[in-house]
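Secondary and tertiary structure notes
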Amino acid sequence: MPAERGMESTGTSSQGQQSPSLGRDDLERSSRLGDALCREVAKRYIGPTDNTRLLLAALAARGHVLVEGIPGIAKTTLIKTFAAAAGCRFSRVQFTPDLLPTDITGTHVWNAAKNQFELHEGPVFAQIVLADEINRAPAKTQSALLEAMQEQQVTVEGDTRPLPSPFMVLATQNPIEQEGTYPLPEAQIDRFLAKLLLGYPTPQEEERMITTYGSPIAPTEAICNPDDIIWLQRTAEKVHVSDELRTYLLSLVQHTRSSRHVYLGCSPRAGLNLLFASRALALLQGRDHVLPDDVKSLAIPVLAHRIILVPEAELEGINGAHVVSEGLQTVPVFARTRRG
Ligand SMILES: Nc1ncnc2c1ncn2[C@@H]1O[C@H](COP(=O)(O)OP(=O)(O)OP(=O)(O)O)[C@@H](O)[C@H]1O
Ligand SMILES: [Mg+2]
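1. Re the nonpolar core
Within the largest apolar cluster, 87 residues are counted, with the highest numbers of intra-cluster contacts made by Leu274, Ala277 and Leu303. The leading source of residues in this core is helix H11 (residues 268-284), at 10 residues. Two domains each donate at least three residues to this core, and these are domain 1 (7-22 + 238-340) and domain 2 (23-233). Filtering out sequence-adjacent residues up to four positions away, Leu303 remains in contact with Leu252, Val253, Thr256, Cys266, Ala270, Leu274 and Val324.

2. Considering the site of ligand 1
Taken together, 14 residues lie near ligand 1, and Pro71, Ala74, Lys75, Thr76 and Thr77 sit nearest. Partitioning the shell around ligand 1 into residue classes produces seven nonpolar, six polar and one charged.

3. What to know about unusual backbone geometry
At the junction of Ser165 and Pro166, the peptide bond is cis and its omega measures out at -5 degrees in the coordinates. Among the structural elements, Pro166 can be located in the loop between strand S7 (159-162) and strand S8 (168-173). Of note, the phi angle at Arg62 is positive, near 60 degrees, even though the residue is not glycine. Of note in this structure, Glu157 is not a glycine but carries a positive phi near 45 degrees. Inspection of the secondary structure puts Glu157 in the loop between strand S6 (153-156) and S7.

4. Description of the domain arrangement of the protein chain
Taken domain by domain, the protein chain holds domain 1 (7-22 + 238-340) and domain 2 (23-233). Taken together, the contact pairs 21 residues of domain 1 with 25 residues of domain 2. Of all the elements in the fold, those that place two or more residues in the side of domain 1 that touches domain 2 are H11 and helix H12 (292-303). Tallied by class, residues from the side of domain 1 that touches domain 2 come to 11 nonpolar, six polar and four charged.

5. As for the environment of Pro164
Among the structural elements, Pro164 can be located in the loop between S7 and S8. Measuring from C-alpha to C-alpha, the distance between Pro164 and Phe82 comes to 18 Å, with 82 residues separating the pair along the chain.

6. Side note on the packing of helix H1 (residues 24-42) against helix H3 (residues 75-85)
Running from N to C, H1 and H3 cross one another at 135 degrees; their axes reach a closest spacing of 9 Å. Here H1 lies oblique to H3, going by the angle between them. As H1 runs across H3, the sense of the crossing is right-handed. Contacts between H1 and H3 involve Leu37, Glu40 and Val41 on the former and, on the latter, Thr81, Phe82 and Ala85. Taken together, the residues of the contact of H1 with H3 sort by class into four nonpolar, one polar and one charged.

7. Observations concerning the pairing of strand S3 (residues 106-111)
Bridging between S3 and strand S4 (residues 116-121) involves six bridges; their strand directions are antiparallel. Within S4, the residue paired with Asn111 across the bridge is Gln116.

8. Points about H1
Over its 19 residues, H1 extends 27 Å from the first C-alpha to the last, a length consistent with the 27 Å expected when each residue adds 1.5 Å. When H1 is considered as a whole, its buried residues turn out to be Asp26, Leu27, Ser30, Leu33, Gly34, Leu37, Cys38, Glu40 and Val41. Contacts made by the buried residues of H1 are with helix H2 (49-60), H3, helix H9 (226-236) and H11.

9. Details of the sheet that holds strand S9 (residues 194-197)
Hydrogen bonding along the main chain pairs the strands of a sheet, whether they run parallel or antiparallel. If you trace the five strands from one edge of the open sheet to the other, you get S2-S5-S8-S1-S9, paired in parallel fashion. Across the chains shown, the open sheet's two edge strands, defined by having one partner strand only, are strand S2 (90-94) and S9. Recorded for the sheet is a direction-independent mean angle of 20 degrees between the axes of neighbouring strands. In this structure, strand S5 (residues 128-132) lies alongside S8, joined through four bridges in parallel fashion. Counted as the bridge partner of Val129 is Val169 from S8. Taken strand by strand, H3 contacts strand S1 (65-68), S2, S5 and S8, and its axis lies near 170 degrees from that of S5.

Rules used in this analysis
Residues numbered from 1 in each chain as written. Chains lettered and ligands numbered in written order. Predicted model: local features only at pLDDT ≥ 70, side-chain atom pairs only at ≥ 80, totals over all residues. Core = buried A, V, L, I, M, F, W, Y, C linked by C-beta atoms within 7 Å. Buried ≥ 20, exposed ≤ 12 C-beta atoms within 10 Å, placed from the backbone. Helix = DSSP H or I, 4+ residues; strand = E, 2+ residues; numbered from the N terminus. Domains from an automatic or database assignment. Contact = placed C-beta atoms within 7 Å. Near = placed C-beta within 6 Å. Nonpolar A, V, L, I, M, F, W, Y, C, P; charged D, E, K, R; others polar. Axes fitted to C-alpha atoms, helices over the stretch in contact; angles between N-to-C directions. Parallel < 35°, antiparallel > 145°, perpendicular 65-115°, else oblique. Left-handed = near helix turned anticlockwise from the far one by under 90°. Pairing = 2+ DSSP bridges. Expected span 1.5 Å × (residues − 1).

Below you can see the structure in the form of structure tokens.
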């Protein structure tokens, strides 16, 4: 992009400068929106603000997120509150073993008055779709979401329809329930921009939860609307990424392919997702350029879930996050070393 050329040479040299296509107003509007949304979600979801910001960065990067955690850790609460605060049309699909693909996409029904079949749109025709306990339905039903997630369209009995914009799937899964679950196929896993792991709250958070829920909570307010989200998505594309950071990002991805613990490393889609998410995260913090810390903080959520380990590594208790951490420790950030 010619507009960026002047800033390519020194990595983080764009610090303090305005991107030619991003004005101060854009940056202020983005960070205000991000902060306000995090504050609104925090009224109901008690946990790290970074979790909410990750969901918003994924939405701004046109991505989908897999949310994993034990029962009762607020997966559904976080997602429903986030969708309400983002002001997006929300739907929820409870995945069960007997769920059919058409229960997600929709089906044609006979309209006697018009003497024709019409598509009765399924719950996938929403802006934020909660696919709750996605690993409780068999692969055939899970794959009904595949086309939707990648193509932003669905085909029902030969009839292809576009999905609304923005469009995001937030799927939850429970890591400990093995019985009666169907692990997501690799192809499906790779379509999630990020995986968010929800852990136990701290004692202080748990205390705050008891206090908060001890009295009625006001309904979540929409702090923006779908047009604001679309604006955020377009604006994020203008955030500057230096050549050095692109190289760093790709080296992190390549590390996942060359590690001795790995059977199958990250796809090229993973690298693109890391780039898009880093831009979105930078924008939400009011920056017109990506910093190494943006990439670093997103590397595990964006890359780890896609890595398939060799059996020996699994037996040793190594997981995808370990492999990415190893990359973060060993791959040099050129922009940093040059400046330092
Ligand atoms: N960190 C938290 N912040 C706010 N509420 C919480 C938190 N953790 C648990 N809760 C409360 O616990 C209850 C269960 O939360 P929720 O249904 O969101 O969990 P879940 O992870 O979706 O569980 P499941 O796997 O059983 O569906 C809710 O009433 C929720 O308000
Ligand atoms: Mg739930």
